[in-house]
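# Reading the structure
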Amino acid sequence: MSIEIEQPSVGLSKVAVSETHGEDSPYFAGWKAYDENPYHELNNPSGVIQMGLAENQVSFDLLEDFLETHPEASSWGKGVSSFRENALFQDYHGLPSFRKAMASFMEQIRGGRAKFDPERVVLTAGATAANELLTFILADPGDALLVPTPYYPGFDRDLRWRTGVKIVPIHCDSSNNFQITPQALEAAFNEAEAMNIKVRGVLITNPSNPLGATIQRSVLEEILDFVTRKNIHLVSDEIYSGSVFSSSEFISIAEILEARQYKDSERVHIVYSLSKDLGLPGFRVGTIYSYNDKVVTTARRMSSFTLISSQTQHLLACMLSNKEFTENYIQINRERLRKRYDMIIEGLRSAGIECLKGNAGLFCWMNLSPLLEKPTREGELTLWNSMLHEVRLNISPGSSCHISEPGWFRVCFANMSEQTLEIALKRIHDFMEQRKRDI
Amino acid sequence: MRHLSRKATCNSHGQDSSYFLGWQEYEKNPYHEKENPKGIIQMGLAENQLSFDLLESWLAENPDAAGFKRGGESIFRELALFQDYHGLPAFKKALVEFMAEIRGNKVTFDPTHMVLTAGATSANETLMFCLAGRGEAFLLPTPYYPGFDRDLKWRTEVEIVPIHCTSSNGFQITESALEAAYQDAQNRDLRVKGVLVTNPSNPLGTTMSRSELNLLINFITIKGIHLISDEIYSGTVFSSPSFVSVMEVLKDRNCDKTEVWNRVHIVYSLSKDLGLPGFRVGAIYSNDEMVVAAATKMSSFGLVSSQTQYLLSALLSDKKFTKNYISKNHKRLKEQQELLVAGLQRAGISCLKSNAGLFCWVNMKHLLSSNTFEAEMELWKKVVYDVRLNISPGSSCHCTEPGWFRVCFANMSKETLNLAIQRLKDFVVETTANGHSPSNIHYSSSKNSKRKLLPKWVLRLSSRDRDRESDER
């Protein structure tokens, strides 16, 4: 997938000229098409509707209300220069009040079923940074991480680009709803071994992007057993944990570890962020939670390259320390996402399109394989192009998520108003009607 | 084996044990005017705390900027969602204009050539990733900021080869030193990709002369390599000669449109000039579009919070504010530096003549028991434990001559500075009055039981619990 140019041009590094940043994939091409002709309710009603962006825009009003009623969060008060203190604060341990608030927020999301120690929270500028940082710590250049397919396209850059680490896919398919199986884990491990590549860990996203579904308890147990047997690491990217429609359906790896009394937990690391659950990708708030002391220490030092603005830490410490606010937010956010999900599933169903049964996230995993002219990657891209240019919806083709079966697409539903979603559904409906007539 | 990567287990994060020790001692016993007047005064922190009142009054007069409002209207959603690695256009525009203003508008910058990063720490590392890799090196004049060992080498695997500068000519870079460093790299089988200088210099506090800059440009032209000019202290030049950016020299030599133009890159930050290290605002400026493109994508790993970008775009767009700030800041830095220099002089201690920065490069050779780094360490420990001043020993900056120390002056009030000077004066007086060489003096302060024998664990690179690496330059 990546093309490494032999001779660095104009005296740049190999990393700089390689294409491992992955930005030439269709995933990004869709963005460009949207940028050139973006939908706007009034100004451009026939423009491309952005359904390729996993953003959470359904709960901003709750955040805005909080800021309105708690002005101290976005200012520094009149106290003996709290501005000075905040402006000077660049300690890579992070603002203690913020770390504490983050740990407790993570507990709340998991319904109190797991405990998080603020001393193990490491702060980074976004989960993008957290994932890269962990990769630098857990693996050497040339080593590999096993990642189940389909996976978030950004991982190709985040895990591989500057680290020199490889991704070996754990193949999952629709035969069992894309669940990770012990056989698939073994196969991936063996594939790496056959290529003489050292596997350093498994990285899962739970809830999954792009599937929009949580990983089952039994599967998590199997994965944990697998990494223990192979003596490798497990990274659980739980950035969508607050976006599970029903609290009880999300099981964090933290709960599994707690049930095992944290035996052998030093191989487990959790990544979290406020970009999805709170809809604040611009603020760059990510975290690594590790059960491994050395990883915590090293990650802290490395976080110097990617600290969170102290101004932002202050804001979020205020917000997330407010239990009343967070309880209310988590609950309402969940309900609204569920409502959106139901709406899109129903809309697609009535257009004759099925999706994977999901229970989380900001998107659904749509099955358009019956519509493919050819059951190939090219067939999928052709269909994707029609969706982009005829139906004028930017959705993400499964191939950009490294899936082996063609025809699946990720469709985001939380980054627009309900009205826009209805319009998108209507366009899909019309498209499907048209196709029926054409056949 | 469940082990970690080489990067995690090696110690190339360069955590310097003396920094750690000094910091730790300070933390245990920090000076406070009322609550702990005998505590250790922190003089190892290059922070600019002299002009916060100007920022605070601007914030009080412009509440929209921190309140997510533009013209009274809320732009919270827009900012919350804004994660474009091209950066907030209004902020980049304001930032390049501020940079131009600092340079007396003798050079201008194009915002599309600027990449925002979470601090200069991130900018420097990112530039390294873009320009070099394993088996390659950058040449750096000594003494240099200790953090470079981590920032430039740790994850990038690039090597630093020193360009040795000495007090014989005020630590200026010479042609022979450049050549020697280049040769040194070759001998070590390292491919030299460029030179990185800090201008104004940390720890020297001096601006680079035109002739030095010309020398550098000649050198990189001949060798066909890059030049990174870390100009994060450019706004702290408080007396003449005025600041000359490498960009200005290139322009004067009509180098734009030539190949070397594309190989010169600047790093900037608001941590020193504006005193906002917590906000993580750094920038890479390059004339080379490929570098800009690669660095932009890499900045994904360290973007500046949109909340902060917005606040600072409003602040820096206010030209009345920036003009006033720049001039007041200079004035206050100058006053504070003069206070320190005069005070040191009265104590019989000289400094390198400086015109910039937040620190002085102080010559304490005459107080060493011998012209060695061991003696420097001995003296340093005395200053930390007995005089109770945390200053930075030259060896931590890779200085080749023992006896030099970096002493910061901008992170405290005049009163505290005067107290520090008094303490140092007393120390020097006692040292020389008693006719003992400094190594024979034992200070019988009961507070300092640890000074005689340093436990091994302290000298080892840090343990996880009291890990307090300084990010300060």
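Residues numbered from 1 in each chain as written. Chains lettered and ligands numbered in written order. Predicted model: local features only at pLDDT ≥ 70, side-chain atom pairs only at ≥ 80, totals over all residues. Heavy atoms only, no water.

With an unreviewed UniProt entry as reference, chain B is termed 1-aminocyclopropane-1-carboxylate synthase, source organism Fagus sylvatica. What the UniProt record of chain B gives under Catalytic activity (unreviewed entry) is the line "S-adenosyl-L-methionine = 1-aminocyclopropane-1-carboxylate + S-methyl-5'-thioadenosine + H(+)". (UniProt positions renumbered as here; feature names shortened; annotations may be inferred.)

An unreviewed UniProt entry lists chain A under the name 1-aminocyclopropane-1-carboxylate synthase, from Fagus sylvatica. According to its UniProt record, chain A has this under Pathway (unreviewed entry): "Alkene biosynthesis; ethylene biosynthesis via S-adenosyl-L-methionine; ethylene from S-adenosyl-L-methionine: step 1/2." Of the comments in the UniProt record for chain A, the one headed Catalytic activity (unreviewed entry) reads "S-adenosyl-L-methionine = 1-aminocyclopropane-1-carboxylate + S-methyl-5'-thioadenosine + H(+)".

What follows covers the overall build of chain A. If you tally the helices and strands in chain A, you get 15 helices and 13 strands. Scaling as 2.2 N^0.38, a compact globule of 439 residues should have a C-alpha radius of gyration of about 22 Å, and chain A matches this with 22 Å. When its C-alpha atoms are laid out on the principal axes, chain A stretches across 70 × 55 × 55 Å. Out of the 439 residues belonging to chain A, those deemed buried represent 64%. (Helix = DSSP H or I, 4+ residues; strand = E, 2+ residues; numbered from the N terminus. Rg over C-alpha atoms; globule rule 2.2 N^0.38 Å. Buried < 20%, exposed > 50% of the residue type's maximum accessible area, 1.4 Å probe, protein only.)

Once that is clear, we can look at the overall build of chain B. The number of helices and strands found in chain B is 17 helices and 15 strands. Within chain B, the fraction of its 473 residues that count as buried is 63%. The long-range fraction of contacts in chain B, counting pairs at least 24 apart against all pairs at least 6 apart in sequence, stands at 76%. Working note: accessible area of chain B is about 17,400 Å², and carbon and sulfur atoms make up 51% of it. (Contact = heavy atoms within 4.5 Å. Areas by Shrake-Rupley, 256 points an atom, 1.4 Å probe, with all protein chains shown as cover.)

The strands making up a sheet associate through hydrogen bonds between their backbones, and the pairing can be parallel or antiparallel. Residues and elements named next belong to chain A. The strand order β2-β8-β7-β6-β5-β3-β4 describes an open sheet built from seven strands, whose pairing is mixed. Either end of the sheet is taken by a strand with one partner, and the two such strands are β2 (121-124) and β4 (166-170). On average, each strand axis in the sheet is inclined to that of its neighbour by 25°, with strand direction left out of account. Taken together, the four bridges between β2 and strand β8 (residues 286-290) define a ladder with antiparallel strand orientation. Following the sheet pairing, L123 is matched in β8 by T287. (Pairing = 2+ DSSP bridges. Axes fitted to C-alpha atoms, helices over the stretch in contact; angles between N-to-C directions.)

Each partner contributes residues to the interface: chain A has 76 residues there, and chain B has 75 residues. For the pair chain A and chain B, the interface holds two salt bridges. In this structure, R77(B) engages E64(A) in a salt bridge whose closest nitrogen and oxygen atoms are separated by 3.1 Å. For the pair chain A and chain B, the number of links is 25 residue pairs in polar contact (both at pLDDT 80 or more). Of all the secondary-structure elements, those providing two or more residues to the side of chain A that touches chain B are α1 (14-17), α3 (60-69), α4 (82-88), α6 (127-138), α7 (155-160), α11 (293-302) and α12 (310-321) of chain A. Classifying every residue of the side of chain A that touches chain B by side-chain character gives 32 nonpolar, 24 polar and 20 charged. (Salt bridge = Lys/Arg side-chain N within 4 Å of Asp/Glu carboxyl O. Polar contact = N/O pair within 3.5 Å; in protein donor to acceptor, adjacent residues only side chain to side chain. Nonpolar A, V, L, I, M, F, W, Y, C, P; charged D, E, K, R; others polar.)

Turning to the environment of T206(B), a few remarks are in order. Residues and elements named next belong to chain B. Within the secondary structure, T206 is located in the loop between β7 (191-198) and α10 (210-223). As for T206 and F171, which are separated by 35 residues in sequence, their C-alpha atoms are 9.6 Å apart. When sequence neighbours within four positions are dropped, the list of residues in contact with T206 reads N199, P200, S201, L352, K353, S354 and N355.

The next thing to look at is the domain arrangement of chain B. Residue and element names in this part refer to chain B. Segmentation of chain B into domains returns domain 1 (6-53 + 322-428) and domain 2 (68-318). Distance between the C-alpha centres of domain 1 and domain 2: 25 Å. With 38 residues of domain 1 in contact, the opposing surface of domain 2 contributes 43 residues. For the pair domain 1 and domain 2, the two sides together bury roughly 3,500 Å², of which 59% comes from carbon and sulfur. The largest contributions to the domain 1 side of the interface with domain 2 come from K7, T322 and N355, which together make up 20% of the buried area. Where domain 1 touches domain 2, the interface holds one salt bridge. Linking K7 and E157 is a salt bridge whose minimum nitrogen-to-oxygen distance equals 2.9 Å. Counting the contacts that link domain 1 with domain 2 gives 22 residue pairs in polar contact (both at pLDDT 80 or more). Within the residue set of the side of domain 1 that touches domain 2, elements represented by two or more residues are α1 (6-9), α14 (319-346), β12 (359-363) and β15 (404-408). Sort the elements by how many residues they give to the side of domain 1 that touches domain 2 and α14 lands first, with nine residues. (Domains from an automatic or database assignment. Buried area = accessible area lost by both parts, 1.4 Å probe.)

This part covers the UniProt feature "domain: Aminotransferase class I/classII large" (unreviewed entry) in chain B. When the UniProt feature table is mapped onto this chain numbering, "domain: Aminotransferase class I/classII large" (unreviewed entry) sits at residues 41-424 of chain B. When the span residues 41-424 of chain B is considered, its composition is 42% helix and 16% strand, and the gap between its end C-alpha atoms is 11 Å.

So, on to the confidence of the model for chain B. Detailed conclusions should not be drawn from predicted coordinates in areas where pLDDT is low. Residues and elements named next belong to chain B. For chain B, per-residue confidence averages 91 on the pLDDT scale, and residues scoring 70 or more make up 89% of the total. Counting interchain partners and residues more than four positions distant, the pLDDT-below-50 stretch residues 437-473 has 91 contacts. The ipTM value of the predicted complex is 0.94, and its pTM value is 0.93. (pLDDT = per-residue confidence, 0-100.)

Turning our attention to the side chain of E55(A). Residue and element names in this part refer to chain A. Considering the arrangement of structural elements, one finds E55 in the loop between β1 (49-50) and α3. Within the buried set, E55 has no salt-bridge partner at all; the shortest N-O distance to an opposite charge, 7.4 Å, is to K276. Among the polar contacts made by the side chain of E55, one reaches the side chain of Q57 at a distance of 3.0 Å. (Lys, Arg positive; Asp, Glu negative; His and termini not counted.)

Two faces, one strand: in a regular strand the side chains alternate between the faces of the sheet. All names here are of chain A. Within strand β5 (residues 199-205), seven of the seven residues are buried, leaving the element largely enclosed by the surrounding structure. Bridge analysis of strand β3 (residues 144-148) against β5 gives three bridges, and the strand direction is parallel. Residue pairing in the sheet places A144 in a bridge with V199 of β5. Two strands pair when backbone bridges link them, and β5 and strand β6 (residues 233-237) are joined in this way by five bridges, in the parallel orientation. By the bridge assignment for β6, T205 is matched with D237. For the crossover from β5 across helix α9 (residues 217-230) to β6, the handedness is right-handed. (Right-handed = clockwise from strand over helix to strand, strands pointing away.)

This part is about the packing of aromatic side chains. Scanning all chains against the criterion turns up 34 aromatic pairs over all chains. Seen in terms of ring centroids, F283(A) and F76(B) are 6.2 Å apart; in terms of plane orientation they differ by 80°. Their pairing is edge-to-face. Highlighted residues: F283(A) in the loop between β7 (268-273) and β8 and F76(B) in helix α5 (residues 76-81), drawn from two different chains. Both residues of the pair, F283(A) and F76(B), belong to the buried class. Here F321(B) and Y325(B) contribute two aromatic rings whose centre-to-centre distance is 5.6 Å and whose plane-to-plane angle is 35°, an arrangement assigned as tilted. Linking F321(B) with Y325(B), this pair stays in helix α14, spanning four residues, or about one helical turn. Judged by its relative accessible area of 2%, Y325(B) falls in the buried class. Here the aromatic residues F60(A), F283(A), F68(B) and F76(B) are joined through ring pairs into a cluster of three or more. (Phe/Tyr/Trp six-rings, centres within 6.5 Å; stacked < 30°, edge-to-face > 60°.)

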